[in-house]
Amino acid sequence: MAAVEEYTDTLNLKVAELLKEVQLDYSSSTTKTVDDAVLSIKECINKIPEDTQVTADLAPKFVRDIGADKVEFRFKRPKSIRIGGSYSFQCVVKPDVNVDLYIQLPKECFHEKDFLNHRYHGKRCLYLCIIKKYLESSSVAQTVEWSFFQNEARKPILVVYPAVKSAGLPGLSVRLIPTAESRFNVQKLNIERNNLHTLSEGVSEATPIYNNSVLEDMFMEQGAEFIKTTFTGWKALQEALVLLKVWARQRSSLNTHDSVNGYLISIIMAYLASESGKARLNKAMTVMQIFRITLDFIASSKLWGNGIFIKPQGGSDMSKEERKKYVKYFPVVLCDLSAHFNLAYRITTGGLNELQAEAALALRCIDKCKEGGFVELFMTKVDFPAKFDYCMRLNLKGKTEVSAQGFCLDNECWRLYEDKVHSLLKEGFGDRVKSVRVTWQNATSTRCINDGLAELDKEPLTVGISLSLPDAYDQYTRGPFFGNKEEALKFRKFWGDVAELYQFKSGTRECVFWECKPAKRYLIIKNVTEYVLKRHLSLAEDKIMHAVDQLDFSLACEGGDLASDGSLLESFGTLSKRLRLLSDVPLAISSVQPLDSAFRHTSVFPPRPHPLANGTKAGNRISSTCLPSMEVMIQLEGSGNWPMDDAAIEKTKAAFLLRIGECLEKDYGMKWCSSEEGVDVFLSGYVFRLKILHERGLDLLNGQAESYQVKRVSPTDKYLFLRSQHSSMINGLAGRYPLYGPVVQLAKRWLAAHLFSASIMEEVIELVVAYIFQKALPFSAPCSRISGFLRFLRLLSEHDWMFTPMIVDINEDMTPDDEKEINDKFSLSRKAYEEGTGSIISAMYVATAYDKGSEAWTSSSPSITELKRLAAYAKSSSNLLTKLIMQGLQDSYGWECIFRTPLNNYDAVILLHRDKLPHPERLLFPSELNQGKLVAQGNASKTFQPYLLTKGSTKDLQDQLYINFDPLMCYVKDLESAFPNTFKLWYDSFGGDAIGLTWEKENLKKRKRDGEDDGGVAKSVLDMLKDVGKTGKGFVKSVHLLKVPK
């Protein structure tokens, strides 16, 4: 109970701070500023001369494109001008302070039948043109801009930025929104009537959306008054609305014309507080209770299917027949007090599904995330690129088919095209996807008032797709079974010539087969999209911009994808079986476990069978000289004869490994060789390095953390144990989430490309990515490599590493006591730093069930400085990746920039000979440096060659192989040994040809204390860099000094 109270108190405290941050301060100075701005606008409008003749010449192309006729009128001043919207009941959410000003259009400007054929919309726009002209010529407004009401192009509004300035209101704007209360006969705008006679052509087709567009202006002020009456004086309801607005604003898929907005959220809350809504909200409730009940209603109420009807106070309910009419014409019905107008007429089925899914996720955040999900609900950005697995943009600029029948029909042509794309993709994808979100935020260009509505196709149409695995990667699009002629004809009509009959165990059925390699199945969604849109909408491939495979260049070399082909696991299975069957080893082998990342599908470059390993027929081909080995941990049966001394234990292990190698050679003819690190065994083109876990290390498995036996476990055995635990857990996770491995590969490649190989171990990267899949809220687990990679970058840059541990519960079996233990250890690791008596232990605190103190992988690195640098790089890359997904072109350079690292961020740079790297083909981008001072240059050595021609005697060629040889790492070790505490080295362990150096500040301070002036320091640095070049003679191409230490 105490824990629940503590959680509630913490959440309430954070919510209170958030409200202080986002709520507008309605102080006397604020209200005076707003009142003065509104008053000056009113006075300016009321000075406009009356009876001025207004014609279509003020906006001829707009009037023409909406199809309006008879739009001339004589100008009359507004009947009333009054403040409405959120400001009127103190629910404005910063940073943008928008004040809505309702301009009630005078009756004299309209004829009785102006509701027909967009005449009202034309006059509405022309009326605003007059107001804009006079506001711009006055001193009242700094600027006056066009905008659109809920992205509806036929309903422009004016946004006025007042000349009045206030420190507390930096972003103040006043939106002038025309209203038309009681201007037309409501019965004439019944949803079943046709008021666009241009559509008739002999058939009376209803125009419900057009009719509601006019009715919206007629009943806007009445709805605003209902909301104001409900919210005024009810502080908890007001604050809950502010929270819901913040929640919705963080979710870009909800900030669209076909979903909710602040006005609709407030209407829903007012309904829940009313008699019609059964008073689900009452004044005894807290802010978070109201917040939760509203979300629960949005997520799960059955009323969304039957329609929500607000009963007028003292009035009667709408008849069932009338309700059925609304449900027939609109996917979402939220009928206002007048019972004539659907407030939610813009919301589509896709928009409602998205809203309900987000509300359901929000409820899960409240229940499952710590502190009531505060961070996930209000602080996490849920935008298109991170939320959806696949994002694409359709460039429809100049596509005449969009507006072939006119720009504004019952619905606008852009909305009709959205529906068309959505229905085609839903049918094409079938069970491959959970949801498809199509939105065209096209009414952003305000030039259309003068230049016509054709301007509105410049913005691309955006599609977000959430995948359903494993169906998304099925190579077959399955249709009806043979014999179902009606359904088969529909299937063939949709798919065309690619549809064929295929035989399955379940029977013969219509199918479309998408041919691709197993490693490339993530491209099936792209192929389906391109085919469907090309067939049905005549869209060329260059008009469809996908974010799918643009980062694949970083994970491929030699023209192929680097996914493992399965032969590695097969070879390991053979090795494991042979090891267990060995009979001449003093102690039987009880278990064999792979430790290398290649076995858990997270290796950036999974090893391929080498033609020279184990006498495979090589033929005449070029192969790598350097051969990686993969560590395998073996355990022997128990024995009481082991020595007690650590050194003696290690020697006994070595003797066992040598014996195992001899037995493998004798029994199976396997080649093997010994090294300081273990015994290397060759099998099927791979090299496995065997290591033994001493039985004392098994005590760690029993959880005897404080026992005498565990304390005596050698560091070698403890490290092996930790790696084995990590390997097992990650293996299980990779099995549950097929996209986990590819996301880790991208993350590792990115970190190495930015020279962070020395700062962060691969196990840490795997755990951080695991956190994204395990703690996915407020998202779902990523189902594409790009969305997963983007979330990884954001997590690196946004996680509060200084004050919050990252707890990775891979097996989901941690208890509250475990989490408390982790938090206590975390606090202890920060205590010395906070008290100023020491440095931080584990700056990047990543805790797991097997390592609650974050000692295994992050105890020494990254340091605070490295972590800050890492977070800055991650933020920059995530911003670029987001921009590329939503706005980028198809050219590859922008995507490559995510992996290009600037060398001018280092104090000195060492460039290496590319042809002396162990795997030159893995180099992403050759490094070039045209700045700084060239300190040293060197020629390439002829001793080492990264490739050899597999021609001639296999035995002779095998002697030329290097196991685990990496000249880069050898050079790094030599530098660290020769120049301790002098500089920090930054490098790319996967094949970079540049090493960055940054000076260690402590070393520089020591030099200054020893009496060296700036000139002496500079000279000694030059001499030192020359020695750096000499240390890598034959490998170092050049050494450059960029910044002299100060």
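Being a predicted model, the structure only gives us computed values, none of them experimental. Sequence positions are assigned chain by chain, starting from 1 and proceeding in written order. Only residues with pLDDT of at least 70 get local features here, since the model is predicted, and only at 80 or more are side-chain atom pairs given and counted; chain-wide, interface and lining totals rely on the full set of residues. The side-chain quantities take in all heavy atoms of the structure and omit both hydrogens and water.

1. Overview of the overall build of the protein
Stage number 1. Numbered from the N terminus, helices here are DSSP runs of H or I no shorter than four residues, and strands are runs of E no shorter than two. Summing up its helical and strand segments, the protein has 31 helices and 34 strands in all.
Stage number 2. Overall size of the protein, expressed as C-alpha extent along the three principal axes, is 105 × 85 × 65 Å.
Stage number 3. Evaluated residue by residue, the protein yields a buried proportion of 55% over its 1046 residues.
Stage number 4. Residues count as neighbours in contact if any of their non-hydrogen atoms are within 4.5 Å of one another. The contacts in the protein between residues at least 6 apart in sequence include a share of 73% that link residues at least 24 apart.
Stage number 5. Only the protein chains shown count as cover for residues, and the accessible areas themselves come from Shrake-Rupley with a 1.4 Å probe. For the protein, the accessible area works out to roughly 46,400 Å², and carbon and sulfur atoms hold 50% of it.
Stage number 6. Note that His is not counted, nor are the chain ends; the positive residues are Lys and Arg, and the negative ones are Asp and Glu. The atoms used to mark charge sites are NZ of Lys, CZ of Arg, CG of Asp and CD of Glu. The average position of the 133 basic charges and that of the 130 acidic charges among the side chains of the protein differ by 3 Å. Each residue gets one of three labels from its accessible area relative to the maximum for its type: buried under 20%, exposed over 50%, partly exposed in between, using a 1.4 Å probe on protein chains only.

2. Here we look at the side chain of Ser 1038
Stage number 1. Mapped onto the elements, Ser 1038 comes out in strand β34 (residues 1036–1041).
Stage number 2. When sequence neighbours within four positions are dropped, the list of residues in contact with Ser 1038 reads Val 909, Ile 910, Leu 911, Leu 934, Ala 936 and Gln 937.

3. Overview of the pairing of strand β6 (residues 156–162)
Stage number 1. Within β6, 6 of the 7 residues are buried, which leaves it mostly tucked inside the rest of the structure.
Stage number 2. Where strand β5 (residues 141–148) meets β6, 7 bridges bridge the pair, whose relative direction is antiparallel. Within β6, the position partnered with Ser 147 by the bridge is Ile 157.
Stage number 3. In the sheet, β6 pairs with strand β7 (residues 172–179) via 3 bridges, with the strands oriented antiparallel. Paired with Val 159 across the two strands is Arg 175, which belongs to β7. Strand pairing requires that DSSP identify at least two bridges connecting the strands.

4. Description of the pairing of strand β25 (residues 686–693)
Stage number 1. Judged by how many residues are buried, β25 sits mostly within the fold: 7 of 8 residues are covered.
Stage number 2. Bridge count between strand β22 (residues 629–636) and β25: 7 bridges; the pairing is parallel. Considered in β25, the bridge of Gln 635 is made with Leu 693.
Stage number 3. By the bridge criterion, 5 bridges tie strand β24 (residues 678–683) to β25 in an arrangement that is antiparallel.

5. Considerations on the environment of His 536
Stage number 1. Here His 536 is to be found in helix α17 (residues 524–537).
Stage number 2. Sequence separation between His 536 and Phe 494 is 42 residues; the distance between their C-alpha atoms is 8.3 Å.
Stage number 3. In this view, His 536 contacts Leu 424, Lys 493 and Phe 494; residues no more than four positions away in its chain are not counted.
Stage number 4. Think of a polar contact as two N or O atoms within 3.5 Å of one another; within protein, one of them needs to be a possible hydrogen donor and the other a possible acceptor, and neighboring residues in sequence only count if both atoms come from side chains. Within polar-contact distance, the side chain of His 536 engages the backbone oxygen of Phe 494 at 2.9 Å.

6. Points about the confidence of the model for the protein
When pLDDT is low, close inspection of the predicted coordinates is not appropriate.
Stage number 1. Confidence in the prediction of the protein, expressed as mean pLDDT, is 88, and 91% of residues score 70 or more.
Stage number 2. In predicted models, pLDDT denotes the confidence assigned by the predictor to each residue on a 0 to 100 scale. Note that pLDDT drops below 50 for residues 558–562; the model gives that stretch 13 contacts with residues more than four away or on any other chain.
Stage number 3. The model gives residues 704–710 a pLDDT under 50, and that stretch makes 8 contacts with residues more than four places away or in other chains.

7. Here's the deal with the pattern of salt bridges
Stage number 1. Salt bridge, as applied in this entry: a Lys or Arg side-chain nitrogen positioned within 4 Å of an Asp or Glu carboxyl oxygen. Applying the stated rule across the entire model yields 57 salt bridges.
Stage number 2. For Arg 346, the salt bridge is made with Glu 216, and the minimal N-O distance between the two is 2.8 Å. Here Arg 346 is found in the loop between β9 (334–335) and α11 (349–368), whereas its partner Glu 216 is found in helix α5 (residues 208–231), with 130 residues between them in sequence. Accessibility classification places Arg 346 together with Glu 216 in one group, the buried group.
Stage number 3. Across the pair Lys 666 and Asp 584 runs a salt bridge whose closest N-O atoms are separated by 2.3 Å. With a gap of 82 residues between them, Lys 666 in helix α19 (residues 646–668) and Asp 584 in the loop between α18 (567–581) and β19 (589–594) connect regions that are remote in the sequence.

8. Some details on the state of the cysteines
Working definition: the covalent bond between the sulfur atoms of two cysteines is a disulfide.
Stage number 1. Two cysteine sulfurs form what is called a disulfide whenever their separation falls within 2.5 Å. Evaluated as defined, the whole model comprises 0 disulfides.
Stage number 2. Lacking any disulfide linkage, Cys 391 is separated from the closest cysteine sulfur, that of Cys 783, by 13 Å.
Stage number 3. Of the residues examined, Cys 391 reaches a relative accessible area of 5% and is grouped as buried.
Stage number 4. With no disulfide of its own, Cys 511 lies closest to Cys 516 among cysteine sulfurs, the gap being 15 Å.

9. A closer look at the sheet that holds strand β11 (residues 433–439)
Stage number 1. Pairing is antiparallel in the open sheet, where 4 strands are placed in the order β11-β12-β10-β16. Of all the strands in the sheet, just β11 and β16 (544–547) have a single pairing partner and so form its edges. Each neighbouring strand pair of the sheet contributes to a mean axis angle of 15°, computed without reference to strand direction.
Stage number 2. Inspection of the sheet shows β11 paired to strand β12 (residues 461–467) by 6 bridges, in the antiparallel sense. If you follow Ser 435 over to β12, its bridge partner there is Ser 466.
Stage number 3. Helix α26 (residues 864–887) rests against β10 (390–394), β12 and β16 of the sheet, and its axis sits at about 45° to β10. Lines fitted to C-alpha atoms define the axes here, with helix axes fitted over just the stretch in contact, and angles between the N-to-C directions of these axes take values from 0 to 180 degrees.

10. Remarks on the packing of helix α6 (residues 235–249) against helix α8 (residues 287–300)
Stage number 1. Remark: α6 packs on α8, axes separated minimally by 8 Å, with the N-to-C direction vectors making an angle of 55°. Relative to α8, α6 is oriented oblique. Of the two elements, α6 crosses α8, and the hand of that crossing is right-handed. Between α6 and α8, the residues in contact are Ala 236, Leu 237, Glu 239, Ala 240, Leu 243, Leu 244 and Trp 247 and Val 287, Met 288, Ile 290, Phe 291, Thr 294 and Leu 295, respectively.
Stage number 2. Ten residue types, Ala, Val, Leu, Ile, Met, Phe, Trp, Tyr, Cys and Pro, are classed as nonpolar, four, Asp, Glu, Lys and Arg, as charged, and the remainder, Gly among them, as polar. Here the contact of α6 with α8 is composed, by residue class, of 11 nonpolar, 1 polar and 1 charged. Here roughly perpendicular refers to angles of 65 to 115 degrees, roughly parallel to angles under 35, roughly antiparallel to angles over 145, and oblique to all remaining angles. Should the near helix be turned anticlockwise from the far one by less than a right angle, the crossing is left-handed, and should it be turned clockwise, the crossing is right-handed.

11. Digging into the nonpolar core
One broad trend across soluble globular proteins is that nonpolar side chains are buried collectively.
Stage number 1. Nonpolar cores are built from buried Ala, Val, Leu, Ile, Met, Phe, Trp, Tyr and Cys residues. Side-chain atoms within 4.5 Å join them into one set. One finds Leu 176, Trp 247, Trp 750 and Phe 792 to be the most contacted residues of the largest nonpolar core, which totals 259 residues.
Stage number 2. With 10 residues, α6 is the single largest residue contributor to this core.
Stage number 3. Beyond its immediate stretch of four places on either side in the chain, Phe 792 contacts Ala 747, Trp 750, Leu 751, Ile 765, Val 768, Val 769 and Ile 772.
Stage number 4. Ranked by size, the runner-up nonpolar core spans 31 residues in total, among them Leu 636, Ile 649, Ile 660 and Phe 688.

12. Structural notes on unusual backbone geometry
Most peptide bonds take the trans configuration, and most residues that are not glycine carry a negative phi.
Stage number 1. Residue Pro 778 is bonded to the preceding Leu 777 through a cis peptide linkage, with omega at 10°.
Stage number 2. Residue placement: Pro 778 occurs in the loop between α23 (762–774) and α24 (785–798).
Stage number 3. For the peptide bond that leads from Ser 861 to Pro 862, omega is 5°, which places it in the cis range.
Stage number 4. Tracing the backbone shows Pro 862 in the loop between β27 (846–847) and α26.
Stage number 5. Backbone geometry places Ser 842, a non-glycine residue, at a positive phi of 55°.
Stage number 6. You can see Ser 842 is positioned in the loop between α25 (816–834) and β27.

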